[in-house]
Amino acid sequence: MAMDYSSHDFLLSHTKDILAFYEPVVKDPTGGFFQNFLDDGQVFDSKTRHLVSSTRFVFNYSEAYRRGYGDHYADWARDGLAFIEQEHYLANSNHYAWMLGDTIDKTAMAYGHAFVVLAYAHAHMAGIVDAKDKLSDLYSWLDDNFYQPDHNAYADERSGELTTLDPYRGQNANMHMCEAFIAAYKAIGDQRFLERAKRLAQKFAGELCDLAGGMIWEHYHQDWQPDWQYNIDKPDDLFKPWGFQPGHQVEWTKLLLQLHQLSPESWYVERAKSLFDQAVKYGWDKEHGGLVYGFAPKTYEFADAQKYFWVQAEAIAAAYRLYKVTGEQTYLDWYQTLWQYSWDHLIDHTHGAWFRIVARNGDKITTEKSPMGKVDYHTLGACWDVMDNMTAAPN
């Protein structure tokens, strides 16, 4: 008999299992969290710290505390914020360094700063800090340094001194900005965050999506016209892969339906369905199961057929939200199918948590379960999103 992955008790147990993988080893006694773990939990790089991991751990532990998983998680989230402010923050240029370690990458990334917003928003929701002023300051700083009002979008990257704006434009930073601003609005009720999140959705899941033929494209020129060639030789790039990304189609599905809960508009649901339906139509591997990392425009050939943990996790959350809002059984079926694939191939039933990546056929290809950037934020977040929507009224 197939497991019922839509059981609240299952999801509660699974999130606790994920946290348990990190529990004994994650805290660095000198400050912050270790960020690179092998399958069995051993730390394989104790020095390097990525802003994305530093902030995502704050999200994990703020939510774990808010949901009653343990009082110590409040201290962990508070310590994580202190590390971000003491180590990542660069007072001379008033921003957060992208990478710390033997060498420091001081580049100011909109993507990374979106996660600073997310961390403070969830810490505020958990009652760990009062982040109202901090979030307001971050909104203004992002406006001053990255927002392009003529395009209703954020640029991607500034030099460490904030003097030079890189010509690259991308959707990924904007997608996570939308996510972070939804959280900030929920945290402090500042209408600016909700309005900006809605504007980003209209831009990327609306106008630019239409421009790219009905799916989310990743890369753009300075004038925000699609750059179809950017990283064409790097379909497996961690942050800027070439190709249509099924994981980002379904991640936008989730965000559109979150916005629909806060400010209902029929187009959110229509576009959410379209993005999800195309992601599974073109991205589901009919031979081996699982959603692939990317596929090519026009031909829809797989550009990278490996299976990434976060792609399946975001699809799980998206499928459940679509089921709740539409009542259509097909989305609940996809929810179960995605869970079953993940259970069979991506979840480590020996040591806990999820493997980051497996080969197209499901074989293991690395012993690095959780290198920088992962921290199981996607898997925990997906489970918690589903749990929250189990009791939510249909919208």
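This text goes with the structure placed above it.
Just so we're clear, the structure is a prediction, and the values are computed from it rather than from any experiment.

Basis of the calculations
- Residues numbered from 1 in each chain as written.
- Predicted model: local features only at pLDDT ≥ 70, side-chain atom pairs only at ≥ 80, totals over all residues.
- Heavy atoms only, no water.
- Helix = DSSP H or I, 4+ residues; strand = E, 2+ residues; numbered from the N terminus.
- Rg over C-alpha atoms; globule rule 2.2 N^0.38 Å.
- Buried < 20%, exposed > 50% of the residue type's maximum accessible area, 1.4 Å probe, protein only.
- Contact = heavy atoms within 4.5 Å.
- Areas by Shrake-Rupley, 256 points an atom, 1.4 Å probe, with all protein chains shown as cover.
- Lys, Arg positive; Asp, Glu negative; His and termini not counted.
- Charge placed at Lys NZ, Arg CZ, Asp CG, Glu CD.
- Core = buried A, V, L, I, M, F, W, Y, C linked by side-chain atoms within 4.5 Å.
- Expected span 1.5 Å × (residues − 1).
- Polar contact = N/O pair within 3.5 Å; in protein donor to acceptor, adjacent residues only side chain to side chain.
- Phe/Tyr/Trp six-rings, centres within 6.5 Å; stacked < 30°, edge-to-face > 60°.
- Lys NZ or Arg CZ within 6 Å of the ring centre and 35° of its normal.
- Axes fitted to C-alpha atoms, helices over the stretch in contact; angles between N-to-C directions.
- Parallel < 35°, antiparallel > 145°, perpendicular 65-115°, else oblique.
- Left-handed = near helix turned anticlockwise from the far one by under 90°.
- Nonpolar A, V, L, I, M, F, W, Y, C, P; charged D, E, K, R; others polar.
- Salt bridge = Lys/Arg side-chain N within 4 Å of Asp/Glu carboxyl O.

K.L.:
Even after reading the chapter, I still don't get the overall build of the protein chain, so can you show me in this structure?
P.N.:
Scanning the protein chain from terminus to terminus reveals 12 helices and 14 strands. Over its C-alpha trace the protein chain gives a radius of gyration of 20 Å, about what one expects of a compact globule, namely 21 Å for 395 residues. Projected onto its principal axes, the C-alpha positions of the protein chain cover 55 × 50 × 45 Å. In the protein chain, which comprises 395 residues, the proportion classed as buried is 61%. Contacts in the protein chain between residues far apart in sequence, at least 24 positions, make up 64% of those at least 6 positions apart. Per element, the accessible surface of the protein chain, about 15,000 Å² overall, is 47% carbon and sulfur. Both charge centroids of the protein chain, one from 35 positive and one from 55 negative side chains, sit 2 Å from each other.

K.L.:
Please explain the nonpolar core as it appears in this structure.
P.N.:
Generally speaking, a soluble globular protein has its nonpolar side chains buried in company with each other. Core analysis: the largest hydrophobic core is formed by 136 residues, its most contacted members being Tyr61, Phe181, Trp252, Phe276, Tyr335 and Trp339. Discounting chain neighbours no more than four positions away, the residues touching Tyr335 are Tyr5, Ser6, Leu11, Ile316, Ala319, Tyr320 and Val386.

K.L.:
Sorry, what's going on with helix α1 (residues 8-22) here?
P.N.:
Three- or four-residue spacings in an α-helix give side chains the same orientation, since the helix completes a turn every 3.6 residues. Here α1 spans 22 Å end to end across 15 residues, near enough to the 21 Å set by a 1.5 Å rise per residue. On the buried face of α1, the contacting elements are α2 (51-66), α3 (72-88), α11 (329-345) and α12 (377-390). Taking the backbone nitrogen of Asp9 as reference, a side-chain oxygen 3.2 Å away marks Ser7 as the first, capping residue of α1.

K.L.:
Quick question: what am I supposed to make of the packing of aromatic side chains here?
P.N.:
Throughout the structure, instances matching the rule amount to 50 aromatic pairs. One aromatic cluster in this structure is built from Phe21, Tyr22, Phe33, Phe37, Phe57, Tyr61, Tyr73 and Trp76. Looking at Lys240, its charged tip hangs above the ring of Tyr168, at a distance of 4.1 Å from the centre. Over the ring of Phe309 we find Lys374; its NZ or CZ atom is 4.9 Å from the centre of that ring.

K.L.:
Looking at this structure, I do not really get the packing of α1 against α12. What am I missing?
P.N.:
A pair of packed helices is captured by two measures, namely the crossing angle of their axes and the spacing between those axes. Contact pair α1 / α12: the axes reach a minimum separation of 10 Å and the direction vectors enclose 155°. Taken as axis vectors, α1 and α12 run roughly antiparallel relative to one another. Along this stretch, α1 crosses α12, giving a crossing that reads as left-handed. Residues His8, Leu11, Leu12, His14, Thr15, Ile18 and Leu19 of α1 form the contact with α12, whose own contacting residues are Thr379, Leu380, Cys383, Trp384, Val386, Met387 and Met390. The residue inventory of the contact of α1 with α12, partitioned by class, reads 10 nonpolar, 4 polar and no charged.

K.L.:
Before we go on, may I ask you to explain helix α4 (residues 110-125) in this structure?
P.N.:
An ideal rise of 1.5 Å per residue puts 22 Å on 16 residues; α4 measures up with 23 Å between its terminal C-alpha atoms. A large share of α4 lies buried, amounting to 15 of its 16 residues. Phi turns positive one or two residues past the end of α4, at Gly127, with a value near 75°.

K.L.:
What should I look at first to understand the pattern of salt bridges in this one?
P.N.:
Working definition: two side chains of opposite charge can pair if their charged atoms are close together. Tallied over the entire structure, the rule returns 24 salt bridges. Put simply, Lys47 and Asp102 hold a salt bridge, and the shortest N to O gap is 3.5 Å. Of this pair, Lys47 sits in the loop between α1 and β1 (49-50) while Asp102 sits in the loop between β4 (99-100) and β5 (108-109), placing them 55 residues apart in sequence. Asp102 shares its class with Lys47; the two are exposed. The residue Lys134 makes a salt bridge to Glu85 at a minimum N-O spacing of 3.3 Å. Separated by 49 residues along the polypeptide, Lys134 in helix α5 (residues 132-145) and Glu85 in helix α3 bring together distant segments of the chain. Via salt bridges that share partners, Glu63, Arg66, Arg67 and Asp388 belong to a single interconnected network.

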